[in-house]
Amino acid sequence: MAEELLMSDSMIKVYGALRMSVKMLLMWNSEMQIDGGGDAMVGTSLLEASNLVVLREKSSIYSNANLGVHGQGLLKLSGSGDTIKAQRLILSLFYNINVGPGSVLQAPLEDAAKGDLAPRLNCESPSCPEELIHPPEDCSVNTSLSFTLQICRVEDITVDGLIQGSVIHVHRARTVAVNAGGLITASRLGCKGGVGKGHVENAGAGGGGGHGGQGGDGYLNGVSSRGGEVYGIADLPCELGSGSGNSTSEGTTAGGGIIVMGSMEHSLSSLNIFGYVRVDGESNHQAAGNQSATNMGGSGGGSGGSLLLFLHSLTLGNNSLVSSAGGHGGHVGGGGGGGGRIHFDWSNIPTGDEYAPLANVKGTIYTRGGMGSDGGHDGKDGTVTGKECPEGLYGIFCEECPIGTYKDTNGSDISLCQPCPPEEIPHRGTYISVRGGVTQPSCPYVCLSEKYHMPYCYTPLEELMHTFGGPWLFGLLLSGLLVLLALVLSVARMKIIGTDEFSGPVPPPHESQIDHSFPFLESLNEVMESTRTEESETHVHRMYFMGPNTFGEPWHLPHSPPHRIDSIVYEDAFNRFVDEINSLAAYQWWEGSVHSILAVLAYPFAWSWQQWRRRKKVQQLRDFVRSEYDHACLRSCRSRALYEGLKVAATPDLMVAYVDFFLGGDEKRPDLPLRLQQRFPMSIIFGGDGSYMAPYSLHSDNLLTSLLGQSVPATMWYRFIAGLNAYLRTVHRGCLRITLLPVINWLGTHANPWLSLHGIRVDLAWFQATTSGYYQLGLIVNETNEVAQPTSLPNMGGTMTIEELSNHQTVQWQGGQQYTAWSRRRIGGGIGGGIINLYTLPSLEDRKDFSFPIYLILRNARPVGHEDLVGLIISILLLGDFSLVLLTLLQFYSISLAAFLLVLFVLPLALLSPFPAGINALFSHVPRRSAGLARVYALWNVTSLANVVTALIYGCYYYQIQSSSRGPQNLHAWNFSTEESGWWLFPTTLLICKCIQARFVDRHIANLEVQDRTLYSNDPAKFWDS
């Protein structure tokens, strides 16, 4: 007994047994040898250190008998050469044991078989020693137990060196860490025979030992030696590995030993392996021989031993190895040893929300059978098992069952994790991992995306549908609601604006009074007979502006004055006046830029902007001529003084403007002003440009009506204008050759036969072609003496100009009657143009532009009457359109916010504007204003088609990509609510609804603008009688 024992470059040699008790033992390049003398009666040596045991610089403690080392502090083998070896070694009660790099803990000794004190291995018993499963608690050295090296009641064990023994047991420890380079091994220290020993035939090769896997058969010269049998319990292995079974042969092999860590009662808290833990069988690579030196085949390999681990958690680091492999058979036909057994007995496996992974495995667990040699068979693989897992967990390490499976029984086999019932998950659902695994068939899931809502993974749109009983019932309820709301709107509309259904002709006016119930097309001037007859008495000439009045091609006047005003203007001053007014008529660059931007973003706004700027421009021209210009181009002093010789006006659609020239009264020209017959041929240019928003129309103001009233009664002229405008409104500039034909026929059958009774005739003509190819349409009014129809005209090969028609003296008419042609001096100012008739019509060029495709959807049609019914249908379509828009937006919002914004704002406001525009148009009081608002409504409707088409294109792209990425799936039965199969339903229905809506809006506009359907009568008498 001593307080401290410090040994440096010294040796203690003990014969017999040693009893030592110190507080601290420090050894520096020293040895302590205990020689029991081979006497079994010699007691076990005990070394007790209450504080510290440290071996350094190749220090060693050696005993050829039993040795117990006990302490309460640290046992440290510092480095290479530091060893503690004994036949049976017990280390106990230390707080920490540290086996440094190159140091060794070993029991039994390498020559253990030669001494009487060597531990006797229990090789022939197939049963498991009880002390391996339930070891005693006292940690004393007991030679009756099967342990050769036991570490007992030690908190932490760190291994950087070697721990080697036949039967190694770690009992009541907290943690064991085998660092990189560290090794705990019982390899080749099992039985040379054993329960599963290999068999050896005479002069044959040996079979491999069996354990967890059957040993491989040996084979030599046609003689086969059977390998060892499988034995032991896979779920609680504690048997030694078996050898080749031929102890008399020189090359005999041994099986692996046993390593047990923890116990049933006291499991390890954690086992961290970054090095190696091995219980492999022995391999033999040499041929064997008997005592008479007769050559034999190679011995079989030993089987792997047992590794039994009772623990809470396991970590296998990279490049780590846990092995119970069979040894390789010897040369010349030796069979491979069978693999051993490894078992992880987990204690207190957490379940449910408390579950945490038991193992972190990045290394290798190895129980492969050994390889046979030269015809010998390989040994079979051993077993790796884990404790039976509770519900929801499976496998060696009690992991959670794979996603999409559940386990409601105890066990570790993967087959116990059964697939979740597919009928309990929506087709847009995906199973999720659950902490502790799934224990019931109702497996938890989430939707594929946040855009779907639990529990059925519906989109917001489908949720809305199923709230009302499914897609079919929802569609039925929505349709009924739309019809009901449309009826309410129609009743409210009739109450507010008092619409009437014009199914018959309008009663004729009484006597000569103009009926103001006529639509505005029948009396475009909306004025009673003019009270300003003095204007027509002083009017000399009307000069029309050229050009379409657009930002790219504004109005402009030609510089050369017409010959009819040569005598009342100064030519130079007139040209200066033209320069000034043309400069004023031109638009600023920013006005066209704003129009271009709006045309891309919101075309109806672009139209409204253009009309506003045109209105401003007309007002500027009027103000300029009325008050700013000094009328210096006029010869009349009175006109220059009173500013009354020039006036600027425009048609209501702002497409055609003109300058009227008047006499001042001091010219002293008895030949002026000209009578109507002296003005022939007289040109009247149509307003509009043949587009949907500005159809062609004849605007007859007070002055024109007063002039023509010299030959034609005002009521008859109004009726003619109404009939002509009814046909002109269906003319489209992109299809002039087709749509002008009814106008030409109507002039020949309805207009000229009656107008000729009053000595005048009208013909369709084109005027004032510009360099851009734009020209205006209008009428040529001339005198006639007979009711006639032309059968042929000269110059049929091309367009007949007004000058050519004036030079022609006679034209043959039906019935052999003659008509005197117009003379050049009576042509209205030499305006450029040509007659349009059945012969010249094919040579007329259609004016198609980028907006022509819109004509396929929007076109001015003839009225159909039934205003209330048409209004009801439009109300239904309008409400349906708005509902489909909202449903489509909701559908694409369920795809993504980006898809929603793309469909909504590819043309900003286009998708939502038709509804308020339609309501505004339906509830407008004045027919003219209501028709204009309806056209804007139609324009918004057709503009929104771009958004709908974008939705279809994006939907095709999105769902094609989605279906390609998912591959074939077993979806539920097809129905209109599923996003994958019926996504196109709402956008397509909306597209069809908008196209049908456009056609009915066209009919509605026609009903508003032409309320007298007798204007389209095929009977001329009925037309004029109405």
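Novice: Help me understand helix α16 (residues 867-895) in this model?
Specialist: Since one α-helical turn is 3.6 residues long, residues separated by three or four positions face the same way. The end-to-end C-alpha distance of α16 is 41 Å, a good match for the 42 Å that 29 residues give at a rise of 1.5 Å each. Of all 29 residues that make up α16, 21 are buried, and the element is covered over most of its length.

Novice: How should I be thinking about the state of the cysteines in this particular structure?
Specialist: A covalent bond between the sulfur atoms of two cysteines is referred to as a disulfide. Tallied over the full model, the rule gives 5 disulfides. Covalent S-S linkage joins C123 and C191, the inter-sulfur distance amounting to 1.9 Å. An S-S torsion of about -95° defines the bridge between C123 and C191 as left-handed. Here the residue C123 occupies a position in the loop between β12 (104-107) and α1 (130-133), and C191 occupies one in the loop between β18 (183-185) and β19 (218-220), the gap between them amounting to 68 residues. The pair formed by C123 and C191 is uniform in burial state, with each residue classed as buried.

Novice: Help me understand the sheet that holds strand β38 (residues 539-544), please; the structure alone is not making it clear to me.
Specialist: In sheet architecture, strand pairing relies on hydrogen bonds along the backbone and comes in two forms, parallel and antiparallel. Reading across the sheet, the 3 strands line up as β38-β40-β39 and stay open at both edges, with antiparallel pairing between neighbours. The open sheet has two edge strands with one neighbour each: β38 and β39 (646-650). Each adjacent strand pair in this sheet contributes to an overall mean axis angle of 25°, direction not counted. When β38 meets strand β40 (residues 657-662), the two strands line up antiparallel, connected through 5 bridges. Looking at β40, one finds that M543 is bridged to V659.

Novice: Honestly, the confidence of the model for the protein chain in this entry has me stumped. Any pointers?
Specialist: Should the pLDDT be low somewhere, the predicted coordinates at that spot are not to be read in detail. With 87% of its residues at a pLDDT of at least 70, the protein chain reaches an overall mean of 83. Within the protein chain, strand β45 (residues 810-812) has the poorest average pLDDT of any element, 33, and strand β23 (residues 276-278) the best, 96. A low-confidence stretch, residues 290-295 stays under pLDDT 50, and its non-local contacts, those more than four residues away or across chains, total 3 contacts. Here residues 786-830 scores under 50 on pLDDT; set against residues more than four positions off or in separate chains, the count is 111 contacts.

Novice: Teacher, can you tell me more about the pattern of salt bridges here?
Specialist: Oppositely charged side chains can form a pair if their charged atoms are brought close together. Following the criterion strictly, the structure yields 17 salt bridges and no others. The shortest N-O distance in the salt bridge between D881 and K994 comes to 2.7 Å. Separated by 113 residues along the polypeptide, D881 in helix α16 and K994 in helix α22 (residues 985-1009) bring together distant segments of the chain. Note on K994: relative accessible area 1%, which makes it buried. Residue R935 pairs with E1009 through a salt bridge whose shortest N-O separation is 2.9 Å. With R935 in helix α19 (residues 927-943) and E1009 in helix α22, this pair connects stretches of sequence that are 74 residues apart. Connected through salt bridges with shared partners, the residues E155, D156 and R174 form a single ionic network.

Novice: Would you mind showing me how to read the pairing of strand β8 (residues 74-77) here?
Specialist: One face of the sheet, then the other: side chains in a regular strand alternate in exactly this way. Burial along β8 is one-sided: the face carrying L75 and L77 is buried and the face carrying L74 and K76 is not. Relative to strand β11 (residues 96-99), β8 is paired through 4 bridges, and the arrangement is parallel. Across the sheet, the residue bridging to L75 is I97, located in β11.

Novice: Would you take a moment to explain the packing of aromatic side chains for this structure?
Specialist: Ring pairs (aromatic) are described by centroid distance and by the angle formed between their planes. Counted according to the given criterion, the structure contains 29 aromatic pairs. Ring centres of F344 and F397 lie 5.4 Å apart, and the angle between their planes is 55°; this geometry places the pair in the tilted category. Highlighted residues: F344 in strand β28 (residues 341-346) and F397 in the loop between β32 (393-394) and β33 (399-400), separated in sequence by 53 residues. Neither F344 nor F397 differs from the other in exposure class; each is buried. Geometrically, the ring pair formed by W746 and F1023 is edge-to-face, given 5.6 Å between the ring centres and 90° between the ring planes. With W746 in helix α13 (residues 741-755) and F1023 in helix α23 (residues 1020-1025), this residue pair connects regions lying 277 residues apart in the sequence. Judged by its relative accessible area of 0%, F1023 is buried. Taken together through their ring pairs, the aromatic side chains of W717, F720, Y727, W746, W754, Y1016, F1023 and W1024 make up a single cluster.

Novice: I'm lost on the sheet that holds strand β6 (residues 60-63) in this one. Help?
Specialist: Sheet architecture is open: 10 strands sit in the order β2-β4-β6-β9-β12-β15-β18-β23-β27-β30, paired in parallel fashion. Edge positions in the sheet fall to β2 (11-15) and β30 (364-366), since each has one partner strand and no second. With direction set aside, neighbouring strand axes in the sheet form an average angle of 5°.

Novice: Explain the environment of I873 here, please?
Specialist: As for its position among the elements, I873 is in helix α16. Between the C-alpha atom of I873 and that of A486, which follows or precedes it by 387 residues, the distance is 7.9 Å.

Novice: Please clarify how unusual backbone geometry should be interpreted in this entry.
Specialist: Outside of glycine, negative phi angles account for most residues, and trans bonds account for most peptide bonds. In this structure, P108 follows A107 across a cis peptide bond, with omega equal to 5°. One non-glycine residue with positive phi stands out, namely R153, at about 55°. Inspection of the secondary structure puts R153 in the loop between β13 (149-152) and β14 (156-159). A positive phi angle, close to 70°, is found at L909, a residue other than glycine.

Novice: Sorry if this is basic, but what is going on with a nonpolar patch on the surface here?
Specialist: Where nonpolar side chains cluster on the molecular surface, the patch consists of L464, F468, L473, L476 and L477 and spans about 450 Å² of accessible area. Among the elements that make up the nonpolar patch, the one with the highest residue count is helix α3 (residues 471-497) (3 residues). By the element assignment, L477 lies in helix α3. With relative accessibility at 45%, the residue L477 sits in the partly exposed group.

Novice: It is not clear to me how the nonpolar core should be interpreted in this structure. Could you clarify?
Specialist: Generally speaking, soluble globular proteins have nonpolar side chains that are buried together. F720, L724 and L747 are the most contacted members of the largest nonpolar core, which has 81 residues in total. Element by element, the count of residues in this core is highest for helix α11 (residues 714-728), at 9 residues. If sequence neighbours within four positions are ignored, L747 has contacts with F720, L724, N752, P753, V762, L764 and L779.

Novice: When you look at the environment of G165 in this model, what are you seeing that I'm missing?
Specialist: Along the chain, the position of G165 falls in strand β15 (residues 162-165). For G165, a relative accessible area of 0% corresponds to the buried category. Sequence spacing of G165 and V279 is 114 residues, and the spatial spacing of their C-alpha atoms is 9.9 Å. Leave out the neighbours within four places in its chain, and G165 touches A107, P108, T148, T185, A186 and L189.

Definitions and limits used
Residues numbered from 1 in each chain as written. Predicted model: local features only at pLDDT ≥ 70, side-chain atom pairs only at ≥ 80, totals over all residues. Heavy atoms only, no water. Helix = DSSP H or I, 4+ residues; strand = E, 2+ residues; numbered from the N terminus. Expected span 1.5 Å × (residues − 1). Buried < 20%, exposed > 50% of the residue type's maximum accessible area, 1.4 Å probe, protein only. Disulfide = S-S within 2.5 Å. Pairing = 2+ DSSP bridges. Axes fitted to C-alpha atoms, helices over the stretch in contact; angles between N-to-C directions. pLDDT = per-residue confidence, 0-100. Contact = heavy atoms within 4.5 Å. Salt bridge = Lys/Arg side-chain N within 4 Å of Asp/Glu carboxyl O. Phe/Tyr/Trp six-rings, centres within 6.5 Å; stacked < 30°, edge-to-face > 60°. Patch = residues over 30% accessible without salt bridge, like charges linked within 9 Å, V, L, I, M, F, W, Y side chains within 5 Å. Areas by Shrake-Rupley, 256 points an atom, 1.4 Å probe, with all protein chains shown as cover. Core = buried A, V, L, I, M, F, W, Y, C linked by side-chain atoms within 4.5 Å.

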